[in-house]
Amino acid sequence: MSELDDTGDGKTKKKRGRPGRPPAPSKKPRKSPSEKGPMGVQRGRKANGMAQQNGEGDPVTLFEVVKQGKSAMQSVVDDWIESYRQDRDLALLDLINFFIQCSGCKGTVRIEMFRNMQNAEIIRKMTEEFDEDSGDYPLTISGPLWKKFRYNFCEFICVLIRQCQYSIIYDEYMMDTVISLLTGLSDSQVRAFRHTSTLAAMKLMTALVNVALNLSINQDNTQRQYEAERNKMAGKRANEKLELLLQRRKELQENQDEIENMMNSIFKGIFVHRYRDAIAEIRAICIEEIGVWMKMYSDAFLNDSYLKYVGWTLHDRQGEVRLKCLKALQNLYTNRELFPKLELFTNRFKDRIVSMTLDKEYDVAVEAIRLVTLILQGSEDALSNEDCENVYHLVYSAHRPVAVAAGEFLHRKLFSRHDPQAEEALAKRRGRSSPNGNLIRMLVLFFLESELHEHAAYLVDSLWESSQELLKDWECMTELLLEEPVQGEEVLLDRQESALIELTVCTIRQAAEAHPPVGRGTGKRVLTAKERKMQIDDKNKLTEHFIMALPMLLSKYQTDAEKVANLLQIPQYFDLDVYSAGRMEKHLEALLKQIKFVVEKHTDTEVLEACSKTYCILCSEEYTIMNRVDIAHSQLIDELADRFSHSVEELLQAGEEADDDDIYNVLSTLKRLTAFHNAHDLTRWDLFGNCYRLLRTGIEQGSMPEQIAVQALQCSHYSILWQLVKITEGAPSKDDLLALRRVVKSFLAVCQQCLSNVNTPVKEQAFMLLCDLLMIFSHQLTTGSREGLQPLVFNPDSTLQNELLNFILDHVFIDQDDENQSMEGDEEDEANKIEALHKRRNLLAAFSKLIIYDIVDMPAAADIFKHYMKYYNDYGDIIKETLSKTRQTDKILCAKTLILSLQQLFNELIQDQGPNLDRTSSHVSGIKELARRFALTFGLDQIKTREAVATLHKDGIEFAFKYQNPKGPEYPPPNLAFLEVLCEFSSKLLRQDKKTVHSYLENFMTEQMMERREDIWLPLISYRNSLLTGGDEDRMSITSGSSSSKGGSIRSKKVSSHGLFCVWCRGSAEESVEGSWMIRNDTLQTPGALQTPQLTSTVLRENPRQAAEHLSEQNSEPGSESDYVHKRGLMEDDAEPIFEDVMMSSRGQLEDMSEEFEDTMVIDLPPSRNRRERAELRPDFFDSAAMIEDESVRL
């Protein structure tokens, strides 16, 4: 029930009611207050106002009713209004306790407290009773119930003001009490009070703004009625009506004045302090609501004096607050009519908004781009070319929402400004079917000017949602590529044609696959039915078009390798059923003919692989065109194989007298066959025989051209793999297995001999193929019920393992400057270095996999581990992964390999510097640092690594005392300094193991050694001390996730240290691998991530202390915007923000609020539309000279 239903209440101002409001419709008789449940003079209420549960367990407090949300909010508010009329003190007590309980406070305000205590005293009392142990309160508790509570809480306040807007809010009691309470709570030191009261106050303000807007509309209507009545002739004029209208206008003006006072109290008492609160969520609430006010009542709030708060808060250090600012501004810029009022704000804060497109928070960056797009739509002159360029490059961002928003901006800027009639006339004159020619040219120019030619797929994906119609205009793209130049019109340049073809292929891929390119998004999402239908339609459309257009495009560009390689990607997106369903076999013949021409004209690997892939797609068995394509493919291979056989014979017969033509014939044909052998089974042409002859001849004579050797190795490799596929898929005989074994054995021998070739590319190719074949034909070949393949398993002998290791040491662990000395001064030097590093990483990864999967003996890894620190930047990730995997295979053997790597470094140092080492030298420090890194890899679980660490110490001690000093026993052993390196692993020993290791150390020490204290014996002294440290303590240094229980600790204490001696006596542990390890190429290969623009934070960093010192030196006018920003510290990133204390002397604020607000801004609602003479020009609040100096800006 609305408070208008009241016919007479001495405690309300009836004159505040809406004049002439019709009576409310009749309703069913209400229960008497004594019968009521939740509200009114409630059932079960004690005399002191303390609420209690009734016998049935129904909610009896406002908080419980709102939390459960079972009753309609209007009904809840109507009940409260009725109770307010019965006893306004008790009703207000309910409302006060509602706000207190919504804050999570368990305390209750009693009626005597309400009547006898000031608000500040009540809040202080509630603060003492507040239970902050959990730190949670209703607004921060997660879960659907509390999320709904927040909505109900806000709705209750809005409905309360809406139902009370005609009289109760003007009674000078209810609103004064509520606003005073919320102001005090918002000033509280307790976060829950401050947060809840700020939200309530902001929603209260929003409701009041709506009331003020309605009052303004009613004033305008009343004024029009009054003027219309006054302008009537004297005889028709109703003087009584004029008096009523004058009286109503006066009442409306009085009501508006009171609403202004209430809004001023909330704005100055709460908003100007809380919009810069220390809690980001509170600041976000303030900014969100002020945006609502400015949009709802733009005549009153959309001016510089309010916009400045949003502008300043754009610099907030929390992304949540910056996001609210941008969304608030978006709601304003969406309305074109508001642009004139936003012009000054746009000029002042445009640079900040544009810079936020690079915000470190992706959500903020997206909304900033959308806001810039709205500004562009409202006024193209508002943004400079530099501003636009800052947004343009974001279409290449790896974060898809940012890229899509930037694509929308690019579409609005470049593709929305064209003359459709002129475009259609030009298209008609040129005979084109589409008027989008100039727009596509513009897209090509943008792509070329951005100089990110490897990111065409990203550009297309960014524009897909906003410019999909343009990007799917494949007819226009084809016409631009195929049309002949006309005099007087610009033609596409060669690089423009290449760019257009690349973009065309990307649009085809996007339409056919219907998902973003690699690098954008988390994976393929499930398409909706509508999206799936669109995908099928697009695929049919592009297939029907390019089935006819592709042969013509290939015919025109068949000599251009780059263009042809891109064009040949198109068939993989075809719906190949269209060939047979649409009776388009002649176009298939044309396509196959053009592909054959391309194969015969090109030897470029990329082009040949594209041709091979196209044949593979067209030969799919599920399509009826397979036979026709297979015949064409077989004919092509027949010709190439015959040509290859004849050219090989001619080359081998010519021997050393072979000319360039002989070499070219073999090389060109072999390149084509190798490219096809990659995707097709060509074993029936027996290419391996001729390739093997070439390789053997090259090894015997040493004169085989480098490229022929590389291609022959690769082709032979493919031949072996296809033979293996045939055997694994069928039921091979023993003869088949032995035949393949002979082939593999002979090829491995050739590759091993090629490792000593003088040509680096040949050696690298042979090494990679050796590693791949040893991995494929390893013991894992027989897993998965394939024991019959045991004859094909190859285990490399020690000679081959050593050759592979030496190759790695000679070609991977080298200084890059030595390899690239010939590139000095070359502009592409950096690119070449990156490419060379990528190649070396692949070599190391291939060999590391052999170690991980126990194909090469683990001790070989010592030569790799010892380079961990020196080459950390280049290979650190690969070496670390290798170390981790080998430890999973065999912890003890891995530990022995680690100590072996340190021993090798130590021996190298002894050879370089002699036995008298300078222990302070950088070389010794480097070995110790490497040992420290190795020790860290053992982790915190000392039980799991116990035997491995003990074995490591044993080997280290034996190495230190391995040789006696030739000068005599009184001199330290030559390797004694190694004990200083071994100290780095002492912390990984258990307490009892330290004693055991120390006992083992004493077996190598003489009595003289124990008594020596000279500097030369310091390594021994340091190592003994490291073992004795913690040895007598009662606690164990164990941190184990799986064995941290009390029982586990007790068991570990009972472990006998004698077990370690037993392990040491057995010698080195046997190597064992349980099961097969999954091959993880991705962890060892260099990632090929796209280079996309890096999104960086636009939030500057500043130390709070420095900011405070800097503040005292500022000469800016107090209260100016620049002064405010420096004081707040909102430009900080990592530092804590500088805000005023949340406790701001509540007592003085509550006692005399008007004094505090004398110098602050006053909310002055605009006059009615027919009385604009009251309006005054406001100062420029963005001008620091005109900015107000008040408590809200000073700290």
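Residues numbered from 1 in each chain as written. Predicted model: local features only at pLDDT ≥ 70, side-chain atom pairs only at ≥ 80, totals over all residues. Heavy atoms only, no water.

Draft legend 1. Geometry of the overall build of the protein chain. Scanning the protein chain from terminus to terminus reveals 53 helices and zero strands. Restricting to contacts in the protein chain with at least 6 residues of sequence separation, those with at least 24 account for 76%. Element-wise, carbon and sulfur atoms account for 47% of the exposed surface of the protein chain, whose accessible area totals about 56500 Å². (Helix = DSSP H or I, 4+ residues; strand = E, 2+ residues; numbered from the N terminus. Contact = heavy atoms within 4.5 Å. Areas by Shrake-Rupley, 256 points an atom, 1.4 Å probe, with all protein chains shown as cover.)

Draft legend 2. Representation of the packing of aromatic side chains in the model. In total, this model carries 41 aromatic pairs according to the counting rule given. Aromatic pair Phe 271 and Tyr 275: ring centres 5.5 Å apart, planes at 5 degrees, arrangement stacked. When its relative accessible area of 0% is taken as the criterion, Phe 271 is described as buried. Ring centres of Phe 271 and Trp 293 lie 5.8 Å apart, and the angle between their planes is 55 degrees; this geometry places the pair in the tilted category. Placement of the pair is Phe 271 in helix α9 (residues 239-274) and Trp 293 in helix α10 (residues 280-296), with a sequence separation of 22 residues. Judged on exposure class, the residue Phe 271 and its partner Trp 293 are both buried. A network of ring pairs unites the aromatic residues Phe 267, Phe 271, Tyr 275, Trp 293, Tyr 297, Phe 301, Tyr 306, Tyr 309 and Trp 312 as a single cluster. The side chain of Arg 348 reaches across the aromatic face of Phe 349, ending 4.8 Å from its centre. In this structure, Arg 887 packs its charged tip against the face of Phe 938, placed 4.4 Å from the ring centre. (Phe/Tyr/Trp six-rings, centres within 6.5 Å; stacked < 30°, edge-to-face > 60°. Buried < 20%, exposed > 50% of the residue type's maximum accessible area, 1.4 Å probe, protein only. Lys NZ or Arg CZ within 6 Å of the ring centre and 35° of its normal.)

Draft legend 3. Representation of unusual backbone geometry in the model. Even without being glycine, Ser 785 reaches a positive phi, approximately 60 degrees. Its place among the elements puts Ser 785 in the loop between α34 (760-776) and α35 (798-811). Residue classification places Ser 785 among the exposed positions, given a relative accessible area of 67%. Within the chain, Asp 854 stands out as a residue other than glycine whose phi angle is a positive 60 degrees. In this fold, Asp 854 is placed in the loop between α37 (829-852) and α38 (862-865).

Draft legend 4. Expanded view of helix α14 (residues 339-355). With 17 residues, α14 extends only 21 Å from end C-alpha to end C-alpha; this falls clearly short of the ideal 24 Å at 1.5 Å per step. Taken residue by residue, α14 has Phe 339, Leu 342, Phe 345, Thr 346, Phe 349, Lys 350, Arg 352, Ile 353 and Val 354 as its buried positions. (Expected span 1.5 Å × (residues − 1).)

Draft legend 5. Expanded view of α34. Taking 1.5 Å of rise per residue, 17 residues should cover 24 Å, and α34 covers 24 Å from first to last C-alpha, within 8% of that figure. Counting buried residues along α34, twelve of its 17 residues qualify, which places the element largely inside the surrounding structure. Every buried residue of α34 is listed here: Val 762, Lys 763, Glu 764, Gln 765, Ala 766, Phe 767, Leu 769, Leu 770, Cys 771, Leu 773, Leu 774 and Met 775. In this structure, the buried side of α34 is in contact with α32 (706-729), α33 (734-754), α35 and α37.

Draft legend 6. View of the environment of Ser 746. Tracing the sequence through the fold places Ser 746 in helix α33. Residues Ser 746 and Tyr 692 lie 54 residues apart in sequence; the distance between their C-alpha atoms is 8.9 Å. Ignoring any residue separated from it by four or fewer positions in sequence, one finds Ser 746 in contact with Phe 688 and Tyr 692.

Draft legend 7. Quick look at the packing of α14 against helix α15 (residues 362-378). Where α14 contacts α15, the two axes come as close as 11 Å, and the packing angle between them is 140 degrees. Overall, the two elements α14 and α15 adopt an arrangement that is oblique. Once α14 is placed against α15, the crossing between them reads as left-handed. Of the residues in α15, those in contact with Phe 339, Thr 346, Ile 353 and Val 354 of α14 are Ala 368, Leu 371, Val 372, Leu 374, Ile 375 and Gly 378. (Axes fitted to C-alpha atoms, helices over the stretch in contact; angles between N-to-C directions. Parallel < 35°, antiparallel > 145°, perpendicular 65-115°, else oblique. Left-handed = near helix turned anticlockwise from the far one by under 90°.)

Draft legend 8. Layout of the pattern of salt bridges. Applying the stated criterion to the full structure yields 38 salt bridges. Between Arg 322 and Asp 359 there is a salt bridge whose closest N-O contact spans 2.8 Å. Pair noted here: Arg 322 is in helix α13 (residues 319-333) and Asp 359 is in the loop between α14 and α15, with a separation of 37 residues, a long-range link. The buried category is assigned to Arg 322, whose relative accessible area is 0%. Taking the relative accessible area as the measure of exposure, Asp 359 reaches 0% and is therefore buried. For Lys 866, the salt bridge is made with Asp 863, and the minimal N-O distance between the two is 3.3 Å. Exposure class is identical for Lys 866 and Asp 863. Each is buried. Salt bridges linked by common partners bring Arg 400, Asp 461, Glu 465 and Arg 520 together as one network. (Salt bridge = Lys/Arg side-chain N within 4 Å of Asp/Glu carboxyl O.)

Draft legend 9. Fine view of the UniProt feature "coiled-coil region" (unreviewed entry) in the protein chain. UniProt records the feature "coiled-coil region" (unreviewed entry) at residues 235-265, using the numbering of this structure. As annotated, residues 235-265 comprises 87% helix and 0% strand, and the C-alpha atoms at either end are separated by 48 Å. (UniProt positions renumbered as here; feature names shortened; annotations may be inferred.)

Draft legend 10. Structural context of the nonpolar core. The biggest cluster of nonpolar side chains holds 325 residues, and the ones touching the most others in it are Phe 99 and Phe 156. At 14 residues, helix α8 (residues 191-230) tops the list of elements feeding residues into this core. Apart from the residues within four sequence positions on either side, Phe 99 is in contact with Phe 153, Ile 157, Val 178, Leu 181, Leu 182, Leu 185, Thr 196 and Ala 200. (Core = buried A, V, L, I, M, F, W, Y, C linked by side-chain atoms within 4.5 Å.)

Draft legend 11. Geometry of a negative patch on the surface. Among the surface-exposed residues, Glu 562, Asp 604, Glu 606 and Glu 609 lie close enough to one another that they form a single negatively charged patch. With respect to the helices and strands, Glu 606 occurs in helix α28 (residues 605-618). (Patch = residues over 30% accessible without salt bridge, like charges linked within 9 Å, V, L, I, M, F, W, Y side chains within 5 Å. Lys, Arg positive; Asp, Glu negative; His and termini not counted. Charge placed at Lys NZ, Arg CZ, Asp CG, Glu CD.)

Draft legend 12. Region of interest: the state of the cysteines. Evaluation of the coordinates by the stated rule reveals zero disulfides. Free of any disulfide, Cys 158 has its nearest neighbouring cysteine sulfur in Cys 154, separated by 6.9 Å. Here Cys 158 falls in the partly exposed class, since its relative accessible area comes to 29%. (Disulfide = S-S within 2.5 Å.)

Draft legend 13. View of the packing of helix α29 (residues 626-654) against helix α31 (residues 687-701). Put simply, α29 and α31 touch, their axes get as near as 11 Å, and they point 20 degrees apart. Our classification of the angle between α29 and α31 gives roughly parallel. Between α29 and α31 lies a crossing whose hand is left-handed. On α31, the residues touching Phe 644, Ser 645, Val 648, Glu 649, Leu 651 and Leu 652 of α29 are Leu 687, Asn 690, Cys 691, Arg 693, Leu 694 and Thr 697.

Draft legend 14. Molecular detail of the environment of Arg 1012. With respect to the helices and strands, Arg 1012 occurs in the loop between α45 (1007-1011) and α46 (1018-1028). A sequence separation of 41 residues divides Arg 1012 from Tyr 971, and the C-alpha atoms of the two residues are 9.9 Å apart. Among residues more than four places away in sequence, those in contact with Arg 1012 are Glu 970, Trp 1017 and Ile 1021.

Draft legend 15. Representation of the environment of Lys 308 in the model. Mapping Lys 308 onto the fold places it in helix α12 (residues 304-313). Each C-alpha atom, one on Lys 308 and one on Arg 348, is 9.7 Å from the other, the two residues being 40 residues apart in sequence.

Draft legend 16. Seen up close, the side chain of Asp 89. Counting through the fold element by element, Asp 89 comes out in helix α3 (residues 88-102). A residue is classified by how much of its surface remains accessible, and Asp 89, at 18% relative accessible area, is buried. Polar contacts involving the side chain of Asp 89 include one to the side chain of Tyr 173, which spans 2.5 Å. In this structure Asp 89 touches Ile 111, Phe 114, Arg 115 and Tyr 173, once residues within four positions along its chain are discounted. (Polar contact = N/O pair within 3.5 Å; in protein donor to acceptor, adjacent residues only side chain to side chain.)

Draft legend 17. Structural view of the confidence of the model for the protein chain. On average, residues of the protein chain score 80 in pLDDT, and 78% of them reach the 70 mark or higher. Scored below 50 in pLDDT, residues 821-825 makes two contacts in the model with residues more than four places away or belonging to other chains. pLDDT under 50 marks residues 1168-1195. Its contacts with residues more than four places away, or in other chains, come to 72 contacts. (pLDDT = per-residue confidence, 0-100.)

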